[in-house]
Every structure is written in C-alpha cells, then in structure tokens.
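Chain by chain, the residues:
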Amino acid sequence: MKKNLYVPSEETKSQYLTRFLSDKRKMGKVHSVFKTSFNIMVDGDLINFSSQGMTLSAYGCILNQETMKQLVSAVKPGDIVRVQGEHFTFYTIQEVLEVDLSRIGVTDLSIPDLQLTQKEITQTGMYAGLDSFTFDGKIGLKNEEQTQAAFQTLQTLSQQDEKSVEEAVAYLVGRGQGLTPSGDDMLLGYTMVRKAFNRQDSFDQIVEKVLKNKSTTDISTAHYQALLAGYVSSLFISLILNVERATKEEVDALIKNIGRYGHTSGYDTLFGFYLGLQSLASEVVT
C-alpha cells in the first residue's frame, strides 16, 4: 500500500534540519553507518543522510541513490565532517567528498493537527486495525508486571497523578535493546499521537524532565528532540494523516509495512501509537 507510506520521490531535506544549519563553520564526526543511510553528529545534534526510496527523517535529508552509494561506501564512524551552512565536507580515508544541501528543497515534517472527538477516534479504521492486531510476540518488551503497569498508566493518562506518569515514562525511557530501545519507540509513538490532537497537558514536560535525568541512545535522543519540537519522520506523518481517512484494510497493510522497520522498532512505535489513541478515547474531562 504505497499510498500509505510517505516516501519522498525527490531529493529533499527536513524543515527541522534547517534549524541546525548556520553559516558558522562547525566540525562533526560520522556517527553510524548503515546499508543505505548514515548519521553524523555535530555539536550534539544528529543529522541523518538517507537514500531515495527511504523515508525522510525528521532530522535528515534524502539524496539520490548514486550519491548515497558513494557516501555510504566511503564514510566510516569517526570520520571528520566539516559543516558550513548547508555545505558538508566528508574527510574519509578514500577521498574528500562534498555535499551541498542548498540545491535541494525542503519538506515540512511538522505533526499534522487532528480534530476527532473521543467517540470518533474509536470509530476510525486506524483504531479498529490497531485494536484487532496482536502485538504479543512482536514488540520488544517482555510481558512483565511493571511493564504492564506502565502501559496501564499511559492508557488512562488523564486519571493519573504526575508522579505515576513520571514513573511510567522513566521506566520506558531507554528500556530494551538496539539503536532505538523498545521503550523509547513506544513513548515516541504515544507522544506523537497526543501531540497530533494538540493535548495541552503536562505530558511533554514530564518526558523532557525524565530525559534530563535518564539517558538513552543518541538516535532515540534525536527522535525525542525532534518530536518534542513538533516534528516526526515522513513515515509517521503518513501514519498520523491516516488516522482520519484510512479504512481498516488500509491500516492492516500499513501496520505490516511499518512493522518491517527495525527488529521490533516499527511494531513498538505502533503499539505506543495505539496506547496514545486509547488514552485519548478514555480521557476524563474535568
């Protein structure tokens, strides 16, 4: 179901990424390298470079396949990168490579606004698809008592005191294995759907507070920073937009596609997204 996957067809960069770039010269390093993408770290901020055919990261850019093939084959973690404005110079063992992002367009990855009522949320194809999906065995956290307690707290957020919510968030931050631990992916999915509905509560502030005192991976941290600023990847823009318009059959296909991301990352994020919808649908208005 390609129409459910928001994959840019042209080279582009995230609007959020442009906030990091200035005319002042900065030095960074290659952080991590994958088959068709890599990350660099500049002044504590990650910047993602991915190939056409992939989704656009909230803090990244999409380059043509030929350019990315050359870059991925040359760069290694620890390689020096010079950044001046939108111009990147990669100093690799093989050669010096130049990338100029000023020549490509900008994509707005700010979280869309959703306006459904509590009752309408439960009547959507998105809610029906996620509600009928069996997440057992697909998410990355074990079915333990403390884990279930954290999920229950998030499901009934409006009925919880701040301390309980903070404990649930702290339990999930950094919990699990991989470049983006499962607990982080769940919190990211949960937070993005609540932000899409413009919930003006203290949840974002609680997440920010916990992140000051509890560390996680660099990639998860970059996701949190973008999300709390109101930006997500192009894939999740599509997920959010489909809350209002997708049929259950379309959602089933979307779940399958997103589930392919990472070992359990896609399903973890979807599960958190589902918890977020449940929290909204069960909200107690005071």
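This is a predicted model, so every value here is computed, not measured.

What counts, and at which threshold
- Residues numbered from 1 in each chain as written.
- Predicted model: local features only at pLDDT ≥ 70, side-chain atom pairs only at ≥ 80, totals over all residues.
- Heavy atoms only, no water.
- Helix = DSSP H or I, 4+ residues; strand = E, 2+ residues; numbered from the N terminus.
- Buried < 20%, exposed > 50% of the residue type's maximum accessible area, 1.4 Å probe, protein only.
- Contact = heavy atoms within 4.5 Å.
- Areas by Shrake-Rupley, 256 points an atom, 1.4 Å probe, with all protein chains shown as cover.
- 1 Å grid on protein atoms, 1.4 Å probe; cavity = no way out; pocket = protein on both sides within 12 Å on 5 of 7 lines; lining within 4 Å.
- Points joined across faces, edges and corners; volume = space filled by probe spheres on them.
- Nonpolar A, V, L, I, M, F, W, Y, C, P; charged D, E, K, R; others polar.
- Core = buried A, V, L, I, M, F, W, Y, C linked by side-chain atoms within 4.5 Å.

Draft legend 1. Region of interest: the overall build of the chain. Each helix and strand in the chain was counted, giving 11 helices and 9 strands. Considering the chain as a whole, with its 286 residues, one finds that 52% of them fall into the buried category. In the chain, of all internal contacts separated by at least 6 residues, the share reaching a separation of at least 24 is 73%. When the accessible surface of the chain is split by element, carbon and sulfur atoms take 47% of a total near 13,500 Å².

Draft legend 2. Spatial organisation of the layout of surface pockets. In this structure, the largest pocket spans a volume of roughly 1,000 Å³. Together, 41 residues line the largest pocket, and Thr180, Ile219, His223, Tyr261 and Ser265 are the ones closest to its centre. Put simply, the parts of the chain that give the lining of the largest pocket at least two residues each are strand S3 (37–42), strand S4 (45–51), helix H6 (182–196), helix H8 (218–228), helix H9 (234–245) and helix H11 (265–281). For the lining of the largest pocket, a count of residues per class yields 17 nonpolar, 20 polar and 4 charged. Taken as a whole, the second largest pocket holds about 240 Å³ of empty space.

Draft legend 3. The arrangement of the environment of arginine 199 in detail. The topology assignment puts arginine 199 in the loop between H6 and helix H7 (203–213). Sequence-wise, arginine 199 and leucine 280 are 81 residues apart; in three dimensions their C-alpha atoms are separated by 8.9 Å. Excluding residues within four positions of it along the chain, arginine 199 makes contact with Arg194, Leu280 and Glu283.

Draft legend 4. Here's a closer look at the nonpolar core. In this structure, Ile40, Phe49, Phe88, Phe90 and Phe273 are the most contacted members of the largest nonpolar core, which totals 90 residues. Broken down by element, the residue count for this core peaks at 8 residues, all from H11. When neighbours within four sequence positions are excluded, phenylalanine 49 is seen to be in contact with Thr36, Ser37, Phe38, Ile40, Cys61, Leu63, Met68, Phe88, Phe90 and Val99.

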